[in-house]
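Structural overview
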Amino acid sequence: MVLAGGEGKRLMPLTADRAKPAVPFGGMYRMIDFVLSNLVNGGYLKLVVLTQYKSHSLDRHISKTWRLSTLLGNYVAPVPAQQRLGPRWFAGSADAIHQSMNLISDERPAHVVVFGADNIYRMDPRQMVARHVESGAGVTVAAIRQPLSMADQFGVIEVDEGGRRISAFREKPTDARGLPDAPHEVFASMGNYVFTTSVLVDALTRDAEDPDSKHDMGGSIVPMLVERGEAGVYDFRDNDVAGQRETERGYWRDVGTLDSFYDAHMDLISVDPEFSLYNPEWPILTSQDPWPPARSVHGSAGRVGMATESLLSPGSVVSGSTVNRSVLSPGAHVHSWAQVDSSVLMQGVQVGRNAVVRNAILDKDVVVPEGARVGVDTDRDRELYTVSDNGIVVIGKGRQVVP
Ligand code: ADQ
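Because the structure is a prediction, the values reported are computed rather than measured.

**Quick notes on the packing of aromatic side chains**
Enumeration over the complete set of coordinates arrives at eight aromatic pairs. With a centroid separation of 5.8 Å and an interplanar angle of 80°, the aromatic rings of Phe25 and Phe261 are classed as edge-to-face. Of the two residues, Phe25 sits in strand β2 (residues 24–25) while Phe261 sits in helix α8 (residues 258–269), which places them 236 residues apart along the sequence. As far as the burial class goes, Phe25 and Phe261 line up, both buried. Measuring from centroid to centroid gives 5.9 Å for Phe154 and Trp252, while their planes differ by 50°, and the two rings are tilted. With Phe154 in the loop between β8 (139–147) and β9 (155–159) and Trp252 in strand β13 (residues 252–254), this residue pair connects regions lying 98 residues apart in the sequence. When its relative accessible area of 3% is taken as the criterion, Phe154 is described as buried. You can call Trp252 buried: its relative accessible area is 2%. Here the aromatic residues Phe25, Tyr29, Phe34, Tyr251, Phe261 and Phe275 are joined through ring pairs into a cluster of three or more. Its guanidinium or amino end placed over the ring of Phe275, Arg122 lies 5.0 Å from that ring's centre, counting from NZ or CZ.

Now the structure itself:
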């Protein structure tokens, strides 16, 4: 089960019209493609995606892209809010599963893998499931070390002496302490769980009866099972993905804010990228419309189009302009004498002649007219657009940049 109902408020304006897992990432992909690729590459082929807010774009992407062989009984099925328990939307991620529990009773699996949809990483889920089975825990939570300063964004885990069982779990604590061997780090939940089915069903049923619960996986279900001594931990550093370089081991990004979303893009494009999209043994799968090849051409007056340290998706055009440290999505077009630096251009973005775009995220179909400037005058940008804490200028879908 993939939890894909997140609203993604902190990614506004990118989530104005779409659920967070449907936000485009890395030129060619949507965020949800990363978790679905991990599950499908691992051979898990009966997948339901629980959706909620603004799910149209997400549903369309899943239906178009993730068509597994139904002949073999495989599926990736987007499941809308079921409203089985009255005319209301899901209260939280646990309620989403509770309201869709018929999907579990239909399949009768021994284990249920519940993964979030908002993260950028490679993971072989089979290794986590094997650890779960071997440990005899009721739930196993995947965990990764994160800076102590970010503890309030995560479920923070404390483990027992053997390092296998969770002794305490607090969702987004503001007073977390560092690890004994690393005072500036905490052990954070990745929001990925493996459950023994009977334990999941029992916990969801109890949780549903608790009027004070927020009905959230991290806020309610995991703490309940920790208290009952049934929760194990899986250290993500133990995960060994086929074809992955050692330097990529443990790469995981929670792209919940505009700055982390931007930084994760920059991780893709250095000479020796922290996260490589070029691993044929563990491909990140997606589908695209039949765009023509990317091209770099002389623009007007014979000026050479040049792109360095950049990802150019099919259908993108660098015409007599300079593109550096940037990600161009399909159909993005940079015209003569324009300069694009350290930026993410989503599908169909047009950058006019002589325009300058720096440190920016331009959502789908944004038009930067001739000579316009983005990311050059921060005060002006703040008046007109969204500017992140780190000064990244973000312009929402379809907007026309002010000349
Ligand atoms: P958050 O990401 O803050 O923390 P949440 O907002 O519940 O928790 O999102 C978790 C996943 O569930 C996301 O993939 C989201 O899209 C999805 N989701 C949220 N509400 C949903 C709903 N009503 N229906 C369906 N899907 C829904 C979680 C954990 C933390 C952990 C971080 C790691 O709670 O413990 O540290 O993930 O990123």
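Moving on, there is more to tell.
**Points about the site of the ligand**
Near the ligand you find 27 residues, and of these Leu3, Gly6, Glu171, Lys172 and Ser189 are the closest. In this structure, Leu3 approaches the ligand through a main-chain N or O atom, which is 2.8 Å from an oxygen atom. Contacts to the ligand include Gln52, whose side-chain N or O atom sits 3.3 Å from a nitrogen atom. Here the ligand has 700 Å² of accessible area as a free molecule, and 86% of this is covered by the chains. Among the secondary structure elements, those contributing two or more residues to the shell around the ligand are α3 (93–99), β10 (166–171), β11 (185–196) and β13.

**Observations concerning the nonpolar core**
Counting residues in each nonpolar core, the largest one holds 35 residues, and the members touching the most others are Ile97 and Phe195. With six residues, helix α7 (residues 217–227) is the largest single contributor of residues to this core. Not counting residues up to four positions away in its chain, the partners in contact with Phe195 are Ala110, His111, Val112, Val114, His132, Gly138, Val139, Leu200, Met217, Ile221 and Leu225.

**With respect to the side chain of Asn38**
Position of Asn38 among the secondary structure elements: in helix α1 (residues 32–41). According to the relative accessible area criterion, Asn38 is buried, its value standing at 0%. If sequence neighbours within four positions are ignored, Asn38 has contacts with Tyr121, Arg122, Met123, Pro125 and Trp282.

**Quick look at the domain arrangement of the protein**
Domain boundaries in the protein define domain 1 (2–269) and domain 2 (295–395). Just the C-alpha atoms count here: the centres of domain 1 and domain 2 sit 34 Å apart. Each partner contributes residues to the interface: domain 1 has 17 residues there, and domain 2 has 27 residues. Summed over both partners, the interface of domain 1 with domain 2 buries about 1700 Å², with 67% contributed by carbon and sulfur atoms. Of all residues in domain 1, the largest losses of buried area upon contact with domain 2 belong to Asp259, Tyr262 and Ile269, amounting jointly to 36% of the total for that side. Our count for the contact surface shared by domain 1 and domain 2 stands at one salt bridge. Put simply, domain 1 and domain 2 have five residue pairs in polar contact (both at pLDDT 80 or more) between them.

**What about helix α6 (residues 197–208)?**
Taking 1.5 Å as the rise per residue, α6 with 12 residues should run 16 Å; its terminal C-alpha atoms sit 16 Å apart, in good agreement. For α6, the complete set of buried residues consists of Thr197, Val199, Leu200, Ala203, Leu204 and Asp207. Considered in projection along α6, the buried side chains sweep an arc of 160° and stay on one side of the axis. The inward-facing, buried residues of α6 contact α3, α4 (101–107), β6 (111–116), β11 and α7.

**A short note on the sheet that holds strand β15 (residues 306–308)**
Sheet architecture is open: five strands sit in the order β15-β18-β21-β24-β27, paired in parallel fashion. Two strands in the sheet have a free side with no partner beyond their single neighbour: β15 and β27 (373–374). Sheet topology places β15 next to strand β18 (residues 322–324); three bridges connect them, and they run parallel. Following the sheet pairing, Ala307 is matched in β18 by Val323.

**So, the packing of α6 against α7**
At a closest axis distance of 10 Å, the pairing of α6 and α7 adopts a crossing angle of 115°. Of the two elements, α6 crosses α7, and the hand of that crossing is right-handed. Mapping the contact onto sequence places Val199, Ala203, Leu204, Arg206 and Asp207 in α6 and Ser220, Ile221, Met224 and Leu225 in α7. Classifying every residue of the contact of α6 with α7 gives six nonpolar, one polar and two charged.

**As for the environment of Glu281**
Mapped onto the elements, Glu281 comes out in the loop between α8 and β14 (295–297). As for Glu281 and Lys20, which are separated by 261 residues in sequence, their C-alpha atoms are 27 Å apart. With residues near it in sequence (within four places) discarded, Glu281 still touches Ala242 and Gly243.

Conventions and cut-offs
Residues numbered from 1 in each chain as written. Predicted model: local features only at pLDDT ≥ 70, side-chain atom pairs only at ≥ 80, totals over all residues. Heavy atoms only, no water. Phe/Tyr/Trp six-rings, centres within 6.5 Å; stacked < 30°, edge-to-face > 60°. Helix = DSSP H or I, 4+ residues; strand = E, 2+ residues; numbered from the N terminus. Buried < 20%, exposed > 50% of the residue type's maximum accessible area, 1.4 Å probe, protein only. Lys NZ or Arg CZ within 6 Å of the ring centre and 35° of its normal. Near = heavy atom within 4 Å. Polar contact = N/O pair within 3.5 Å; in protein donor to acceptor, adjacent residues only side chain to side chain. Areas by Shrake-Rupley, 256 points an atom, 1.4 Å probe, with all protein chains shown as cover. Core = buried A, V, L, I, M, F, W, Y, C linked by side-chain atoms within 4.5 Å. Contact = heavy atoms within 4.5 Å. Domains from an automatic or database assignment. Buried area = accessible area lost by both parts, 1.4 Å probe. Salt bridge = Lys/Arg side-chain N within 4 Å of Asp/Glu carboxyl O. Expected span 1.5 Å × (residues − 1). Arc of directions from axis to C-beta. Pairing = 2+ DSSP bridges. Axes fitted to C-alpha atoms, helices over the stretch in contact; angles between N-to-C directions. Left-handed = near helix turned anticlockwise from the far one by under 90°. Nonpolar A, V, L, I, M, F, W, Y, C, P; charged D, E, K, R; others polar.

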